[in-house]
Amino acid sequence: MMEKVISVENCDLFYGDFQALKDVSLPIYRHKVTALIGPSGCGKSTFLRTLNRMNDLIASCKVKGSIQFNHEETYGNGYDVIELRKKVGMVFQKPNPFPMSIFDNIAFGPRQQGLKDKVKLKEIVEKALKQAALWDEVHDRLNQSALSLSGGQQQRLCIARAIAMEPEVILMDEPTSALDPIATQKIENLIEELKKDYTIVIVTHSMQQAARISDYTAFFYMGELLEFDDTKTLFVSPKLKQTEDYVTGRFG
Amino acid sequence: MRKTRLSDRLLQISTMLSTLVSIVGLGLIFQFVLSRGLSLLSIDLFTSNYYAHNYIAELKPYEEMTYSMPNFDDEDVYVIERYGLALRQGIDLAGNGVVEVEYVHPDSPFNTMISAEVGVDTVDMNANNIIDRISYVDHPTSLSRRGAEVMASELNDPQRVINQVFFADLGGGIRGSLITTMWLIFMTLLMALPMGVLTAVYFNEFAPVNMLTKTMRTFIETLTGVPSIIYGLLGISVFVPLTVALTPAVNTNLIAGSMTLAVIILPIIIRTTEESLRVVPQDHRAASLALGANKTQTTFKVVLPQATQGILTSTFLAIGRIIGESAALIFVLGAIVRDRVSIFEQSTSLAVHIWSMMTDEPANIALSSTIALLILAVVLILNVSIKLSVYLFEKRGKQ
């Protein structure tokens, strides 16, 4: 029996009157890659953002149902959202490094938690960059602006920035959609490496990417979770006609 | 068809004509100020006092000798080799003929004299001082109104022994107003900059979007267009009594002036800062929050540093406004030119100095134009600084 890091039960989400998620139930297994696929507007990104409560930023957003992280209700009363976000990191669609040095970008998270020890910060930065497979490319220019990096490097920097907080889960919202094929391949290889230490949930528009890198795949359609299975099963013998149509590229 | 073409052409021509008229209008201001003011522009103007000061002095015992003088290739300059002194026939700011000191030899007895004033031992005569008259033992006095040539020839007369020298500082300098202006810039920014930036941060990052905050925003934007004399009224009814109550000030003063200016530039700083906060990508806020930073940390560590450029721009704009402000300051700072500036007393900024001189009888257009030239130059430098800082920030961001 595999361990669930996050467990979502009967989750409904509303933007004002519009229901963006309908009765979604989904487990996220530890040290696995879970891919969320589906056509645009199906709610997969919205779902991803409920996992670290980034939807809180939208005033009209309301969530019902149960979302448990390590068996604690993340939307429960008195739950510390800052603690949740420390444990559930996020990488965004477009690379979004802060306009600071490479070092300061990665040290940002730990510093905001009050860490000032320079030796420790250096250790954290080096470890995160190595894990994000960026160390060899930038170790001699850590003080340069992060904006001087290429798009692919910037995205790996953002992954390193998330890793520096030593999270348990990393959420990735279409992390390669703004990158060229070579940079994409590097990120995919990186995800393969990272799942040894982290649990990864990735939203992707690319069927091939989901098939290549994920262990589990969830197919969303019109705010509903239509099918969830291990990736091989879902792609080779989907239970639903809609899933089959989507993964074979007949719509979407 | 033809009619539309004609009206199109007319519209096009009217844009060009308007541009031409605007350029000519602006050019005329520069031309006027340059032609009237350039002649008075000198370092002395910035370092000397506005008010002339009169001195009476006697010569120390000295040895008769002939000084070697530099060559003055100027027919208005008269050399007195006996005293190591050169005089120039000049014209003062009001257009009257005066005898100016052109040159004093370092060993000249005129260089350091015994002051006839009580409590002052010695007094120095410097180039640009004006000689009023020189009295002699048993000889009639040399008067400046008879001209530098006559005075020089009388001084060169070996029969005459000098009794007393009556001379004066030139005056007409703007040192005091320059110092006042710097005080105004410093104190106004000290008050308005942090307040304005924090207000902008509140509106853009923390304030809920509702009727109240929307109304407050509109209100602040309206304040940008309010004529400054109305702020002057606010200053004289609120800030002047306040400073009189709390400080040694007894009248309108520099602190009240700075407070009034702070209110005037607050809307500028708030608006410019807010504009630069608004263009900070939402993604950066999201990334910071996703890293477990709270709202305050995100605002002050990620968002605000990215607005540095805008804050700098607003600072430059504000300095320009402070230097150019006159109407409000006449109420709260006063219009009396001072050489010794105190923040608890009245004085004039450069712009008010112009106003003060133009209301004099006769109006001093030459010096006013020189100050105007100075103000124009500073404003020009500020605008170039804004452009330069934008360029440098963009360049640094990419490194």
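Model, not experiment: these values are computed from the prediction.

**Examining the overall build of chain B**
Then, number 1: Each helix and strand in chain B was counted, giving 13 helices and nine strands.
Then, number 2: Against the 2.2 N^0.38 benchmark of 21 Å for 399 residues, chain B shows a C-alpha radius of gyration of 29 Å, more extended than a compact globule.
Then, number 3: Over its C-alpha atoms, taken along the principal directions, chain B stretches across nearly 95 × 70 × 50 Å.
Then, number 4: Taking all contacts inside chain B whose residues are at least 6 apart in sequence as the whole, residues at least 24 apart take part in 69%.

**A closer look at the sheet that holds strand 10 (residues 224-230) of chain A**
Consider a sheet: its strands pair through backbone hydrogen bonds, and that pairing is either parallel or antiparallel.
Residues and elements named next belong to chain A.
Then, number 1: With mixed pairing, six strands are arranged side by side in an open sheet as 6-7-8-3-9-10. Each of the sheet's edge strands pairs with one partner strand only, and the pair in question is strand 6 (88-91) and strand 10. Mean inter-strand twist for the sheet, computed between neighbouring axes without regard to direction, equals 15°.
Then, number 2: Strand direction decides the pairing type here: strand 6 and strand 7 (residues 169-173), joined by four bridges, are parallel. Residue pairing in the sheet places methionine 90 in a bridge with leucine 171 of strand 7.
Then, number 3: The strands that helix 1 (residues 44-51) touches are strand 3 (33-37), strand 6, strand 7, strand 8 (199-203) and strand 9 (216-221); relative to strand 7, the one it contacts most, it runs at about 155°.
Then, number 4: Across the sheet, helix 7 (residues 181-194) touches strand 3, strand 7 and strand 8, and the angle it forms with strand 8 is around 150°.

**Considerations on the sheet that holds strand 2 (residues 18-29) of chain A**
Then, number 1: Judged by pairing direction, the sheet is antiparallel, and its four strands sit side by side in the order 2-1-4-5 (chain A) without closing on themselves. The open sheet has two free edges, formed respectively by strand 2 and strand 5 (72-73) of chain A, since each of these has just one partner strand.

**A few points about the interface of chain A and chain B**
Then, number 1: Taken together, the contacts link 27 residues of chain A with 18 residues of chain B.
Then, number 2: A buried area of about 1700 Å², summed over both sides, lies between chain A and chain B, and 65% of it is on carbon and sulfur atoms.
Then, number 3: On the chain A side of the interface with chain B, the three residues burying the most area are Phe98(A), Phe108(A) and Gln112(A), jointly 27% of the side's total.
Then, number 4: Counting across the chain A and chain B interface gives zero salt bridges.

**A look at the packing of aromatic side chains**
Then, number 1: The full count for this structure, using the stated rule, is 13 aromatic pairs over all chains.
Then, number 2: Measuring from centroid to centroid gives 5.3 Å for Phe47(A) and Phe220(A), while their planes differ by 45°, and the two rings are tilted. Of this pair, Phe47(A) sits in helix 1 while Phe220(A) sits in strand 9; the two residues are 173 residues apart in sequence, bridging distant segments of the chain. Of the two residues, Phe47(A) and Phe220(A), neither departs from the other in class, the shared state being buried.
Then, number 3: Within the aromatic cluster, the residues linked to one another by ring pairs are Tyr29(A), Tyr216(A) and Phe228(A).
Then, number 4: Here the basic side chain of Lys295(B) rests over the ring of Phe206(B), its NZ or CZ set 6.0 Å away from the ring centre.

**Topic: the environment of Phe206(B)**
Residues and elements named next belong to chain B.
Then, number 1: Within the secondary structure, phenylalanine 206 sits in helix 4 (residues 175-206).
Then, number 2: Once the C-alpha coordinates of phenylalanine 206 and leucine 234 are considered, the two residues, 28 residues apart in sequence, prove to be 30 Å apart.
Then, number 3: Those residues within four positions of phenylalanine 206 in sequence are excluded, and the remaining contacts are Val201, Lys295, Thr296, Thr299 and Phe300.

**Re unusual backbone geometry**
Then, number 1: Phi at Arg53(A) takes a positive value of approximately 60°, unusual for a residue other than glycine.
Then, number 2: Along the chain, Arg53(A) turns up in the loop between helix 1 and strand 4 (61-69).
Then, number 3: One non-glycine residue with positive phi stands out, namely Asp138(B), at about 60°.
Then, number 4: Position of Asp138(B) relative to the elements: it lies in the loop between strand 7 (130-136) and strand 8 (139-143).

**A word on the domain arrangement of chain B**
Residue and element names in this part refer to chain B.
Then, number 1: Here chain B is partitioned into domain 1 (47-168) and domain 2 (175-398).
Then, number 2: The distance between the C-alpha centroids of domain 1 and domain 2 comes to 47 Å.
Then, number 3: At the junction of the two partners, domain 1 supplies six residues and domain 2 supplies nine residues.
Then, number 4: Connecting domain 1 to domain 2 are zero salt bridges.
Then, number 5: Taken together, domain 1 and domain 2 are joined by five residue pairs in polar contact (both at pLDDT 80 or more).

**Notes on the layout of surface pockets**
Then, number 1: Computed from the structure, the second largest pocket encloses a volume of approximately 980 Å³.
Then, number 2: Taken together, 32 residues make up the lining of the second largest pocket; nearest its centre are Pro99(A), Pro305(B), Gln306(B), Ala307(B) and Phe393(B).
Then, number 3: Sorting the residues of the lining of the second largest pocket by element identifies helix 3 (102-112) of chain A together with helix 7 (254-278), helix 9 (295-303), helix 10 (308-324) and helix 13 (365-398) of chain B as the ones contributing at least two each.
Then, number 4: Examining the composition of the lining of the second largest pocket, we find that six residues originate from one element, helix 13 of chain B, more than from any other.
Then, number 5: Its residues assigned to classes, the lining of the second largest pocket comprises 12 nonpolar, 13 polar and seven charged.

**Digging into the pairing of strand 4 of chain A**
Residues and elements named next belong to chain A.
Then, number 1: Summarising the sheet, strand 1 (residues 4-15) and strand 4 pair through eight bridges and their orientation is antiparallel. When the sheet's bridge partners are listed, phenylalanine 14 is paired in strand 4 with lysine 62.
Then, number 2: Note that strand 4 and strand 5 share two bridges and pair antiparallel. Each bridged residue has a counterpart across the sheet, and for glutamine 68 the counterpart in strand 5 is glutamate 73.
Then, number 3: As consecutive antiparallel partners, strand 4 and strand 5 are separated by two residues, and within that stretch asparagine 70 has a phi angle of approximately 50°, a positive value.

**Observations concerning helix 12 (residues 350-358) of chain B**
Then, number 1: By the criterion of burial, helix 12 of chain B is predominantly enclosed, with seven of the nine residues buried.
Then, number 2: Of all the positions in helix 12 of chain B, only Leu350(B), Ala351(B), Val352(B), His353(B), Ile354(B), Ser356(B) and Met357(B) are classed as buried.

**Quick notes on the pattern of salt bridges**
Then, number 1: Applying the stated rule across the entire model yields 27 salt bridges over all chains.
Then, number 2: Between Arg53(A) and Asp56(A) there is a salt bridge, with its nearest N and O atoms 3.0 Å apart.
Then, number 3: Looking at Arg53(A), the relative accessible area reads 14%, which means it is buried.
Then, number 4: On the basis of relative accessibility, which here comes to 33%, the residue Asp56(A) falls in the partly exposed class.
Then, number 5: Notably, a salt bridge pairs Glu325(B) with Arg321(B), separated by 3.7 Å at the nearest N-O pair.
Then, number 6: Residue classification places Arg321(B) among the partly exposed positions, given a relative accessible area of 26%.
Then, number 7: A single salt-bridge network, built from bridges that share partners, covers Arg146(B), Glu154(B), Asp157(B) and Arg160(B).

**Some words on helix 4 of chain B**
In an α-helix, one turn spans 3.6 residues, which is why side chains three or four residues apart end up on the same side.
Then, number 1: The terminal C-alpha atoms of helix 4 of chain B, which comprises 32 residues, lie 45 Å apart, in line with the 46 Å expected from a rise of 1.5 Å per residue.
Then, number 2: In the structure, helix 4 of chain B departs most strongly from a straight axis at Leu189(B), where the bend amounts to approximately 30°.

**Points about empty space enclosed by the protein**
Over the atoms, a rolling probe the size of a water molecule traces out where space has been left empty.
Then, number 1: Scanning the entire structure with this criterion turns up one cavity of 30 Å³ or more.
Then, number 2: Considered as a void within the structure, the largest cavity measures approximately 40 Å³ in volume.
Then, number 3: In terms of lining residues, the largest cavity is bounded by Met90(A), Phe92(A), Cys158(A), Arg161(A), Ala162(A), Ala287(B), Ala290(B) and Leu291(B).
Then, number 4: Elements that contribute at least two residues to the lining of the largest cavity include exactly helix 6 (151-163) of chain A together with helix 8 (282-290) of chain B.
Then, number 5: Looking at which element gives the most residues to the lining of the largest cavity, the answer is helix 6 of chain A, with three residues.

Cut-off values and rules
Residues numbered from 1 in each chain as written. Chains lettered and ligands numbered in written order. Predicted model: local features only at pLDDT ≥ 70, side-chain atom pairs only at ≥ 80, totals over all residues. Heavy atoms only, no water. Helix = DSSP H or I, 4+ residues; strand = E, 2+ residues; numbered from the N terminus. Rg over C-alpha atoms; globule rule 2.2 N^0.38 Å. Contact = heavy atoms within 4.5 Å. Pairing = 2+ DSSP bridges. Axes fitted to C-alpha atoms, helices over the stretch in contact; angles between N-to-C directions. Buried area = accessible area lost by both parts, 1.4 Å probe. Salt bridge = Lys/Arg side-chain N within 4 Å of Asp/Glu carboxyl O. Phe/Tyr/Trp six-rings, centres within 6.5 Å; stacked < 30°, edge-to-face > 60°. Buried < 20%, exposed > 50% of the residue type's maximum accessible area, 1.4 Å probe, protein only. Lys NZ or Arg CZ within 6 Å of the ring centre and 35° of its normal. Domains from an automatic or database assignment. Polar contact = N/O pair within 3.5 Å; in protein donor to acceptor, adjacent residues only side chain to side chain. 1 Å grid on protein atoms, 1.4 Å probe; cavity = no way out; pocket = protein on both sides within 12 Å on 5 of 7 lines; lining within 4 Å. Points joined across faces, edges and corners; volume = space filled by probe spheres on them. Nonpolar A, V, L, I, M, F, W, Y, C, P; charged D, E, K, R; others polar. Expected span 1.5 Å × (residues − 1). Bend = angle between axes of the 7 residues up to and from the residue.

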